[in-house]
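Working through the structure, step by step
Residues per chain, in single letters:
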Amino acid sequence: MSDELEGLGFDGEPFNPFAGTTGDPTGGAPETLQRTSAARQAPVTQPLAASRTAGASHIAAVAREMRTAVANAHRNALHAQMLLQARTLSQCGAALAVPATGTQLFEVVDGHIRPISVPRSLRAVPFVTTEARFKPLARSEKSRLDRDDLGRLTEGDMTGVFGPGYLQPGCNPSVKLAAGTTLLLDEVTRIELRGGSSGRGQVVASAGPLDGTPESLIAAARQVAEIFALYLGLHLCLADATFTPGDGSGDPARSEVELARPGPLRSAEIRLDVTDVDLVPRPHLRVNVEVRSGGAVAGRVLGLSLALVEKPGVPIGPARGGILPAFLGRYSAAGEQTVISEFHIAHFARGSHGIAFGPEFAHYSGRRATRVPDRGLTLVDRLVSLDGQRGKLDGASYETEYDSPADSWYYADTANASMPNMVYMETSLQSALSIGYFLGPTLSHPEAPVSLRNLGGTATVLREVDLRDKTIRQQSKLQSTTLNNGASLQSCSYTMLVDGEPFYEGETLSGYFSEAAMSNQTGLDAGRNVPTWLEQQQPRPATRTIDVAARRADPSAPLCARDHLALLDDVQVVDEGGNYGKGYLRAVRRIDPDDWFFARHFPRDPVIPGSLGVETVIQAMQEWLLDAGLGEGMSDPGFILPVGAPSTWKYRGQFLPTDGEATLEVHIKDVRRGPGRVRVTGDASMWKPGLRIYELTDIAVELREEGAQPW
């Protein structure tokens, strides 16, 4: 243990509270201490009254010394403990800011600064996963800002500095860098969207003279935080806002300041480390900032939060009936004024439904209700236009947008050459169904808790396209709404476009179900337990196993789904088996209640996304295609979604966190070969324990070499 503590900076010493006293101030000193103390005392020669006065003064001084020594020992012990924690957390990829011994500490609450003796909290920040990373509302190639750039930001010219994606004509006249104060920064030498100790962002800037007070450090830190907020485009989803301390909730804005070297600083390097970014309750970020001068840390500002908050009286969401009282501030990728934005979609997922869709929906906040999936599974961004009105549930048409950045988690994790099938399905269904919900099919029974479930559909890929860094435009039409006891059913059709050209189309049926309806699901076979094809065979045929986990363990293995999309560990194969005699696949996936997608789909109503169930089937088929050697001889092969091949899905149940496992089977029905291409088509089913709940018809995968001609 002594090796572990070496260098941890504990400079306390053993403390004897009775050393130097004439006895226990409370009258209860141990007899041995009294004897020892008495033996060291000189004879008493002063008068009794004077002796009593001197004794009382001495006891008070000792009490003060005891309090000071105990506080110092506690502070030193806490500092050593924090250093141990920092060492442990750093090994786990987390950060913990630890003040140096002798540092002056201050607490800041809503701008009021007061000294404190010890830090109020440990500031450990876990590293963000790729799926949970914040998606900026605009993107810029800028990574450095000179003094001229900073000057333009003080004038509110974000477009001139960061680019056309920040254009917001007629909005946010007060959103400016260092508004109403003196610009303290000289330049920004680095902006990293995914940098910092937790991967949430980092900015490095330089500043001129600072007076070294807590106020000056806070002012410089806030200006760097404003730059990163503007860089993320946090202002773009509001029409008329200002920078405000805090997260926009109205709760006190709290931070801490550490002064390691009090006094004026001739120049300073300011390092901002982002610890949180969100759009709920208002667009905001939280940061830790380190100020360095002369190569050493001069101070830190920890837990500084900054929000964009609307001015009093400025609307931020739809009014009753879904009517916009005014333009809410967000423009589409094509420059149109939108109806709802990323801000409203985030509230729909995890915030205020009243802000998201209007006051009629406010009672759904904070309870089990229909929601869009959260964080990395939120795959719709903006409602651009709506031809329809709330309460009229048939015939409405609407257009939505979804931005698909190249650094999205699913591009890194898929075995496909571009976007995986599950994102095609999710973004199309979310765009169609969210706006169907916006029109109010559940408002006839507003107090009844309802869950949204997709029941099935058919979709076709129209052309092969790489969707990285593209904005997907979707045109949807609400065909019909049927209201039944305990359920509302909606059918929609949709077409997805990129660069003005369609690439995917489909139709779907979904429902809003009461708790009673959700608890009475009977699957695809009227409640009967229908076994898999393999379980029905007598005698049971021989199987072989594709070890997917072993292949995935090799980081150089190509065409392999990983991380968030690592959905299978192995696949059983019956060669020339199945309903068509061309091959049969079976796999079992263990369901862990801690699987990442349960927290996303849906908040307060966790189920496995149906699109991920379909993706699991696709992965089994992809692994079989490779294992069968069907891609041998291809140059630079990649999996794509087959063009012109309609596929159909039907859901009659859900996989819950408590289900334990999901079983799938695939019947290979066709293998088609062409120059540089091979396509495999099959039919599939999925079971939860005792119940078949998914059925897929003509599900297909395709492997093609780069540059291969179409079929």
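Now for a look at the structure at hand.

Attention shifts here to the overall build of the protein. Scanning the protein from terminus to terminus reveals 14 helices and 23 strands. Expressed as a percentage of the 711 residues in the protein, the buried residues total 52%. Across the protein, contacts joining residues at least 24 apart in sequence account for 72% of those joining residues at least 6 apart. Entry remark: accessible area of the protein is about 30700 Å², with carbon and sulfur atoms responsible for 51%.

Our focus in this paragraph is the nonpolar core. Counting 95 residues, the largest nonpolar core has Tyr424, Leu467, Phe503, Tyr504, Val571, Leu585 and Val617 as its most contacted members. Here the element with the most residues in this core is helix α10 (residues 421-438); it accounts for ten residues. For Leu467, the contacting residues outside a window of four places in its chain are Ser404, Tyr411, Ser418, Met419, Tyr424, Ile472, Val498 and Phe503. Core analysis: the second largest hydrophobic core is formed by 65 residues, Met158, Val203, Leu259 and Ile270 among them.

As a further point, take α10. For an α-helix, 3.6 residues make a turn, and residues three or four places apart therefore share a direction. Here α10 contains 18 residues, and its C-alpha end-to-end distance of 26 Å stays within 8% of the 26 Å for a straight helix at 1.5 Å per residue. Burial analysis of α10 places 18 of its 18 residues in the buried class, the great majority of the element. After α10 finishes, the residue Gly440 shows a positive phi value of roughly 100°.

As a rule of thumb, non-glycine residues mostly have phi less than zero, and peptide bonds are mostly trans rather than cis. For the peptide bond that leads from Val280 to Pro281, omega is 5°, which places it in the cis range. Here Pro281 is to be found in the loop between β7 (268-278) and β8 (284-293). Residues Gln538 and Pro539 are joined by a peptide bond in cis, for which omega reads -5°. Topologically, Pro539 is positioned in the loop between α12 (533-536) and β16 (544-547). With a phi close to 55°, Asp636 is a non-glycine residue in the positive phi region. Along the chain, Asp636 turns up in the loop between α14 (610-627) and β19 (637-640).

Summed over all chains, the structure comprises 51 salt bridges. Salt-bridge contacts for Asp240 lead to Lys311; the nearest nitrogen and oxygen are separated by 3.1 Å. Here Asp240, found in the loop between α6 (214-232) and β5 (241-245), pairs with Lys311, found in the loop between β9 (296-310) and α7 (342-350); they are 71 residues apart in sequence, far enough to count as distant. Through salt bridges that share partners, Arg330, Glu336, Glu342, Arg382, Glu399, Glu401, Asp403 and Arg473 make up one connected network.

What follows is about the environment of Asn421. Along the chain, Asn421 falls in helix α10. In this view, Asn421 contacts Asn416, Val614, Glu615, Ile618 and Leu641; residues no more than four positions away in its chain are not counted.

Considering all chains together, one arrives at 24 aromatic pairs under this definition. When the centroid spacing of 6.1 Å and the interplanar angle of 50° are considered together, the rings of Phe361 and Tyr364 count as tilted. Measuring from ring centre to ring centre gives 5.3 Å for Trp409 and Trp596, while their planes differ by 75°; the resulting arrangement is edge-to-face. With a gap of 187 residues between them, Trp409 in helix α9 (residues 409-413) and Trp596 in the loop between β18 (584-590) and α14 connect regions that are remote in the sequence. A network of ring pairs unites the aromatic residues Phe348, Phe357, Phe361, Tyr364, Tyr437, Phe438 and Tyr512 as a single cluster. Sitting over the face of the ring of Phe438, Arg390 holds its NZ or CZ atom 4.6 Å from the ring centroid.

Turning to its location among the elements, Cys492 is positioned in strand β14 (residues 487-498). Taking the C-alpha atoms as reference points, Cys492 and Leu478, 14 residues apart in sequence, are found 4.6 Å from one another.

The pairing of strand β1 (residues 104-109) with strand β6 (residues 254-259) spans six bridges and is classified as antiparallel. Bridging from a neighbouring strand, Leu105 pairs with Glu258 of β6. Relative to strand β2 (residues 112-116), β1 runs antiparallel, the two sharing five bridges. Opposite Phe106, over in β2, you have Pro115 as the bridge partner. Counting the residues in the hairpin turn of β1 and β2 gives two residues, including Asp110, whose phi is positive at 50°.

So, how was this worked out
Residues numbered from 1 in each chain as written. Predicted model: local features only at pLDDT ≥ 70, side-chain atom pairs only at ≥ 80, totals over all residues. Heavy atoms only, no water. Helix = DSSP H or I, 4+ residues; strand = E, 2+ residues; numbered from the N terminus. Buried < 20%, exposed > 50% of the residue type's maximum accessible area, 1.4 Å probe, protein only. Contact = heavy atoms within 4.5 Å. Areas by Shrake-Rupley, 256 points an atom, 1.4 Å probe, with all protein chains shown as cover. Core = buried A, V, L, I, M, F, W, Y, C linked by side-chain atoms within 4.5 Å. Expected span 1.5 Å × (residues − 1). Salt bridge = Lys/Arg side-chain N within 4 Å of Asp/Glu carboxyl O. Phe/Tyr/Trp six-rings, centres within 6.5 Å; stacked < 30°, edge-to-face > 60°. Lys NZ or Arg CZ within 6 Å of the ring centre and 35° of its normal. Pairing = 2+ DSSP bridges.

Geometry only, nothing functional implied.
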